[in-house]
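In case you want the letters, here they are:
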Amino acid sequence: NVVMPLIYYIYKGGLLDESSKYEMRKYLIIAQLKQLFGAAGNSALSKTRKALDEHKISKDGFKLDYFKDLKFVSDRDFSIKDEDLEKMLDYDKGTAYAFMVLSLLYPELKLSQIEWHQDHMHPDTKFKTTNLKNLGISDEKIEEWQLKRNKIPNLQLLEGKENESKNKQDLEEWLSTHTAKYLPENISYKLDNFDQFFEKRKELLKTELKRILS
């Protein structure tokens, strides 16, 4: 159901420039994350088809904005609210949804040409209980950090070979020879400052997703 409006758009001679393709990606991701076509699919398809018919798609291309006024079952729509952004940033590494969100945040990457990994910025191995205890982290915080390590604020898309070479390297050490997107400024990148790193990067990502999906 989600891809049917795209098939219809192409069938009707819709423009397939880079801008349209990027808007299509946003459409696909939002529709799947919010499960817009999961219930009352025929009604959703009818509404999206009507919205496409109302625009000069062969001239103007595909725009997510075409669907901004549509309302689906249970009052669901394409708008992105703060609670949607919170949910997006709470997906775990390894899930398709996490990759979808990361692909929005890294639009410049050639996703179909190179193998990209969902990389832990602070390495996964550093969150072993014994290691965190040695840092003086409380038992309660250890449990919290071990959950947060797999969330999107601690993830980035990294080329497979580069991720393998990064391996267990401390984030602070890795950043001395590499750059990263959405990096909080003027803070420590040591693991014992993980709370601040996580929250500040989460805010950066939330702001960028709001800009992309507005």
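Residues numbered from 1 in each chain as written. Predicted model: local features only at pLDDT ≥ 70, side-chain atom pairs only at ≥ 80, totals over all residues. Heavy atoms only, no water.

Bringing a nonpolar patch on the surface into the picture now. On the surface, a cluster of nonpolar side chains totalling about 270 Å² of accessible area is made up of Val3, Met4 and Ile7. Its location among the elements puts valine 3 in the segment before helix H1 (4-11). (Patch = residues over 30% accessible without salt bridge, like charges linked within 9 Å, V, L, I, M, F, W, Y side chains within 5 Å. Areas by Shrake-Rupley, 256 points an atom, 1.4 Å probe, with all protein chains shown as cover. Salt bridge = Lys/Arg side-chain N within 4 Å of Asp/Glu carboxyl O. Helix = DSSP H or I, 4+ residues; strand = E, 2+ residues; numbered from the N terminus.)

The next thing to look at is H1. For H1, the full list of buried residues reads Pro5, Leu6 and Tyr9. Seen from one end, H1 has its buried residues packed into an arc of 100°, which puts them on one side. The first or second residue beyond H1 is glycine 13, which carries a positive phi of 85°. (Buried < 20%, exposed > 50% of the residue type's maximum accessible area, 1.4 Å probe, protein only. Arc of directions from axis to C-beta.)

Structurally, leucine 209 is set in helix H11 (residues 194-213). Leucine 209 gets classed as buried once you look at its relative accessible area, which sits at 0%. Discounting residues that sit within four places of it in the chain, leucine 209 has contacts with Leu85, Met88, Leu89, Val101, Leu104 and Leu105. (Contact = heavy atoms within 4.5 Å.)

Moving on to H11. Over its 20 residues, H11 runs 28 Å from end to end, which matches the ideal 28 Å to within 8%, given 1.5 Å per residue. All buried positions along H11 are accounted for by Phe194, Phe197, Phe198, Arg201, Lys202, Leu205, Lys206, Glu208, Leu209, Ile212 and Leu213. Against the buried residues of H11 lie helix H2 (18-33), helix H5 (82-88), helix H6 (96-105), helix H8 (139-148), strand S2 (155-159) and helix H10 (171-175). (Expected span 1.5 Å × (residues − 1).)

In this section: the nonpolar core. Of all hydrophobic cores here, the largest spans 43 residues; its most connected members are Tyr27, Phe67, Phe78 and Ile152. Where this core is concerned, the elements lending two or more residues are H1, H2, helix H3 (41-53), H5, H6, S2 and H11. The residues touching phenylalanine 78, leaving out its near neighbours within four places in the chain, are Tyr27, Ile30, Ala31, Lys34, Leu36, Phe37, Leu64, Phe67 and Phe72. Residues Phe127, Leu191, Phe197 and Phe198 belong to the second largest nonpolar core, which totals 17 residues. (Core = buried A, V, L, I, M, F, W, Y, C linked by side-chain atoms within 4.5 Å.)

The subject of this paragraph is the pattern of salt bridges. The full count for this structure, using the stated rule, is 25 salt bridges. Taking the shortest distance from any N to any O, the salt bridge between aspartate 77 and lysine 71 comes out at 2.6 Å. Residue class for aspartate 77 comes out buried when judged on its relative accessible area of 4%. Several salt bridges converge on common partners, so that one network encompasses Lys34, Lys71, Asp77, Lys81 and Asp84.

Turning our eyes to something else, we now look at the pairing of S2. Of all five residues in S2, four are buried, a share of seventy percent or more. Sheet topology note: the strand S1 (residues 116-120)/S2 ladder contains five bridges and is antiparallel. Residue glutamine 118 lies in a different strand from S2, and its bridge partner there is leucine 157. (Pairing = 2+ DSSP bridges.)

Phi is positive for serine 74, close to 60°, though the residue is something other than glycine. Position of serine 74 among the secondary structure elements: in the loop between helix H4 (57-60) and H5. Overall, serine 74 belongs to the exposed group, its relative accessible area being 64%. Within the chain, tyrosine 182 stands out as a residue other than glycine whose phi angle is a positive 55°. Overall, tyrosine 182 belongs to the buried group, its relative accessible area being 15%.

What follows concerns the environment of tryptophan 174. One can find tryptophan 174 in helix H10. Spatially, the C-alpha atom of tryptophan 174 lies 48 Å from that of alanine 51, the residues being 123 residues apart in sequence.

Moving on to the side chain of threonine 48. With respect to the secondary-structure elements, threonine 48 resides in helix H3. Every residue in contact with threonine 48, bar those within four places of it in the chain, is listed here: Pro5, Phe37, Phe67, Leu70 and Phe72.

Time to look at the confidence of the model for the protein. Summing up the model confidence of the protein, the mean pLDDT is 91 and the portion of residues at 70 or higher is 100%. When the elements of the protein are averaged for pLDDT, helix H9 (residues 160-166) gives the smallest value, 74, and H8 the largest, 97. (pLDDT = per-residue confidence, 0-100.)

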